[in-house]
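Summary of structural features
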Protein chains: 2
Amino acid sequence: MEIYLNGSFMNHEEARISPADRGFLFGDGIYEVTRVVHGELFREREHLKRLDEGLNGLRVHLDPDVRNKIPEIGRELLERNRLTSGEASIYLQVTRGAAWPRTHTFPDTEVKPTLYMSAAPFKPHNELHQAGVDTISVPDIRWTRCNLKTVNLLPNTLAKQQARDAGANSAVMIRDGVVTESPNANIFGVKEGTLYTFPESNYILSGITRGVVLEIADKLAIPRKMVPIRQDELFDIDELFFSGTTTDIQPINRVDGKPIGSGKPGPVVKAIQNEYKNMLYQ
Amino acid sequence: MEIYLNGSFMNHEEARISPADRGFLFGDGIYEVTRVVHGELFREREHLKRLDEGLNGLRVHLDPDVRNKIPEIGRELLERNRLTSGEASIYLQVTRGAAWPRTHTFPDTEVKPTLYMSAAPFKPHNELHQAGVDTISVPDIRWTRCNLKTVNLLPNTLAKQQARDAGANSAVMIRDGVVTESPNANIFGVKEGTLYTFPESNYILSGITRGVVLEIADKLAIPRKMVPIRQDELFDIDELFFSGTTTDIQPINRVDGKPIGSGKPGPVVKAIQNEYKNMLYQ
């Protein structure tokens, strides 16, 4: 595959950055993953908006000319990798750049941020969307700026691996007695026909797909409350599902081996999936 | 400066890693910083022990042959950079390695961890040790596996920068109403002749210098309690100080502009500093 790195396109096996990059030394950077269908980036504007918010949040000053070229770079990546038809995903990461010597504070001298982008073919998890998935519950041990989409992703990585080791697809993270997120997706619950999810705050990422689900709820006249599912009511609710850029809308059948609702994808998640596919593949 | 990267020594400006390195994409790695005086690594054994614990904690499988060569590589770095006399520091980082495609879970195929080491001249902050420093208090927003010395360091970086922006030297981090750590050092308090510090747990890094301070307390017959300083008693205690590999023993004069004790380095921190310098420069 060809990737983009700091102004050049190259084979991913030849791409190289400095180990003094603050992405490598501190996880001092942010990222975005965007879905692509037949060459069209789904919800590109929202991803770019969140990117800008992340850059502001970390006070990383990406050259406006470079920032404005990001959509064009993404399209060129799709072309170079023959991904303009079918499905694909684009990964983008910006770090504060390479600085020597290493200091916890931002570098004294002006440092050029690192911009790394890659594209890859994408295969949606249709069988999981239809059948639903098993999960485990884990404590949400992340920091409390989860609204920033940074590459400080070790807690996410460890939770996802813990789920896999347990034979599950993913994890339902619990903080202060309520469901927050999965390691890489937002979580919605359905109780008596009403949709529930953790409110926008510093405890969750404001997922682009989460926003789409809320739009769909309004369109389908599904009442929605920005209230999280409590851990102690998990097995009394009717439905539970993930939403995410690469996860799509994924029903959760079980948590820690115990069924949610009927233990099968319910009517609300199916209706939302259906509408979501209409939007994604329109 | 010459650095070491995956088996080779090279100029730091020529060193390159893949952007697919999980250190860059996830902060999926750990690090150590060791002080060097006249070519001798201070408390090397403890740093290597913590390194091994970190590798186990993250389940990163560094080839035992490579792991066992680390002390030798450090010494060669000192020689190549003419750092065998005077003061220096050695930085070491191990990540899970480069894997393509990017997945939150550990890579399916066996991936070779990345080992990066560098050495640099070190100048202790003697004037700060003598005069003491001003600090600000900030919420400790880190994850809850602070006992692992990982490169997920964004909260530390942001807190340190926040302190600098406020004209302070560093930050005193508060979690659940008690003092935990600074962004890059442990914290001790002194109340009526007794030393207090946060107990070893998942909320702090078990600092090597922290351990040395506890040894010194025993040697000097200073009573010590593994109990944190509460935020509401901060301005009633007698002394407060940082301990860390590059921080050494650093008295804290003020937090948020208000004096701790007399607002000057007190007798207990001075006694500990003195003994610490004897051990470091023996």
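Everything numeric in this text was worked out from a predicted model, so none of it was measured. (Residues numbered from 1 in each chain as written. Chains lettered and ligands numbered in written order. Predicted model: local features only at pLDDT ≥ 70, side-chain atom pairs only at ≥ 80, totals over all residues. Heavy atoms only, no water.)

Some thoughts on the overall build of chain A
Definition in use: By the criteria applied, helices consist of DSSP H or I runs no shorter than four residues and strands consist of E runs no shorter than two, each listed in order from the N terminus. Only C-alpha atoms enter the radius of gyration, while the globule expectation follows 2.2 Å times N to the 0.38, with N the number of residues. Remark: exposure states derive from per-residue accessible area (1.4 Å probe, protein chains only) relative to the maximum for the residue type, with buried under 20%, exposed over 50%, and partly exposed in between. Residue contacts follow a heavy-atom distance rule, with two residues in contact if any of their heavy atoms lie within 4.5 Å. In short, Shrake-Rupley with a 1.4 Å probe defines the accessible areas, and a residue's cover is counted only from the protein chains shown.
In terms of regular secondary structure, chain A is built from seven helices and 16 strands. Its C-alpha atoms give chain A a radius of gyration of 19 Å, near enough to 19 Å, the size a compact globule of 282 residues would have. Each principal axis of the C-alpha distribution contributes one length, and for chain A these read about 55 × 40 × 35 Å. In chain A, which comprises 282 residues, the proportion classed as buried is 60%. Nonlocal contacts in chain A, meaning residues at least 24 apart in sequence, comprise 72% of its contacts between residues at least 6 apart. When the accessible surface of chain A is totalled, it reaches about 11800 Å², and 47% of it is carbon and sulfur.

With respect to the domain arrangement of chain A
Residues and elements named next belong to chain A. The cut-off we apply is this: As annotated, the domain borders come from an automatic or database domain assignment. Computed with a 1.4 Å rolling probe, the buried area is the accessible surface lost when two parts are put together, summed over both parts. Here, a salt bridge means any side-chain nitrogen of Lys or Arg that lies within 4 Å of a carboxyl oxygen of Asp or Glu. In protein, a polar contact requires one atom able to donate a hydrogen and another able to accept it; more generally it is a pair of N or O atoms within 3.5 Å, and residues adjacent in sequence count only if both atoms are side-chain atoms.
Domains assigned within chain A are domain 1 (2–121) and domain 2 (126–280). On a C-alpha basis, the centres of domain 1 and domain 2 stand 27 Å from each other. Listed as interface residues are 21 residues of domain 1 and, on the opposing side, 18 residues of domain 2. A combined buried area of about 1700 Å² lies between domain 1 and domain 2, and 64% of that area is made up of carbon and sulfur atoms. Its largest share of buried area at the contact with domain 2, domain 1 owes to Tyr31, Arg35 and Arg50, together 38% of the area lost on that side. There are two salt bridges connecting domain 1 and domain 2. Glu215 serves as the salt-bridge partner of Arg43, at 2.7 Å between the closest nitrogen and oxygen. Here domain 1 is connected to domain 2 by eight residue pairs in polar contact (both at pLDDT 80 or more). Put simply, the parts of the chain that give the side of domain 1 that touches domain 2 at least two residues each are strand S3 (29–37), helix H2 (44–58) and strand S5 (87–95). Of the residues forming the side of domain 1 that touches domain 2, the biggest block, eight residues, is contributed by S3.

As for the packing of H2(A) against helix H3 (residues 64–80) of chain A
Residues and elements named next belong to chain A. Quick reminder of the rule: Note on definitions: angles span 0 to 180 degrees between N-to-C directions of axes, and those axes are lines fitted to C-alpha atoms, for helices only across the stretch in contact. Geometric relationships in this document are graded by angle, where less than 35 degrees denotes roughly parallel, more than 145 denotes roughly antiparallel, 65 to 115 denotes roughly perpendicular, and other angles denote oblique. Rotating anticlockwise by less than a right angle from the far helix to the near helix defines a left-handed crossing, while the corresponding clockwise rotation defines a right-handed one. In the scheme used here, Gly and all other residues not listed as nonpolar or charged are polar, with Ala, Val, Leu, Ile, Met, Phe, Trp, Tyr, Cys and Pro taken as nonpolar and Asp, Glu, Lys and Arg as charged.
The N-to-C vectors of H2 and H3 enclose an angle of 140°; their axes lie 11 Å apart at closest approach. As far as their axial angle goes, H3 and H2 are oblique. For H2 against H3, the interelement crossing comes out right-handed. For the pair H2 and H3, the contacting residues are Glu44, Leu48, Leu51 and Asp52 in the first and Arg67, Ile70, Pro71 and Arg75 in the second. Looking at the contact of H2 with H3 residue by residue, the class counts come to four nonpolar, no polar and four charged.

Things to note about the pattern of salt bridges
All names here are of chain A. As enumerated under the stated definition, the model contains 46 salt bridges over all chains in all. For Asp28, the salt bridge is made with Arg96, and the minimal N-O distance between the two is 2.6 Å. Of the two residues, Asp28 sits in the loop between helix H1 (22–26) and S3 while Arg96 sits in the loop between S5 and strand S6 (114–121), which places them 68 residues apart along the sequence. Summarising the burial analysis for this pair, Asp28 and Arg96 share the class buried. Close ionic contact of Asp140 with Arg175 constitutes a salt bridge, the shortest N to O distance being 3.8 Å. Pair noted here: Asp140 is in the loop between strand S7 (133–139) and helix H5 (154–165) and Arg175 is in strand S8 (residues 170–175), with a separation of 35 residues, a long-range link.

Examining the interface of chain A and chain B
Listed by partner, the interface residues are 52 residues for chain A and 52 residues for chain B. Buried area between chain A and chain B, summed over both chains or domains, comes out near 4800 Å², and the portion from carbon and sulfur atoms is 65%. Broken down residue by residue, the surface that chain A buries against chain B is led by Phe24(A), Trp100(A) and His104(A), which jointly contribute 17%. Counting across the chain A and chain B interface gives four salt bridges. Our enumeration of links across chain A and chain B arrives at 24 residue pairs in polar contact (both at pLDDT 80 or more). Elements with a contribution of two residues or more to the side of chain A that touches chain B: H1, S3, S5, S6 and H5 of chain A. At nine residues, the largest contribution of residues to the side of chain A that touches chain B is made by H5(A).

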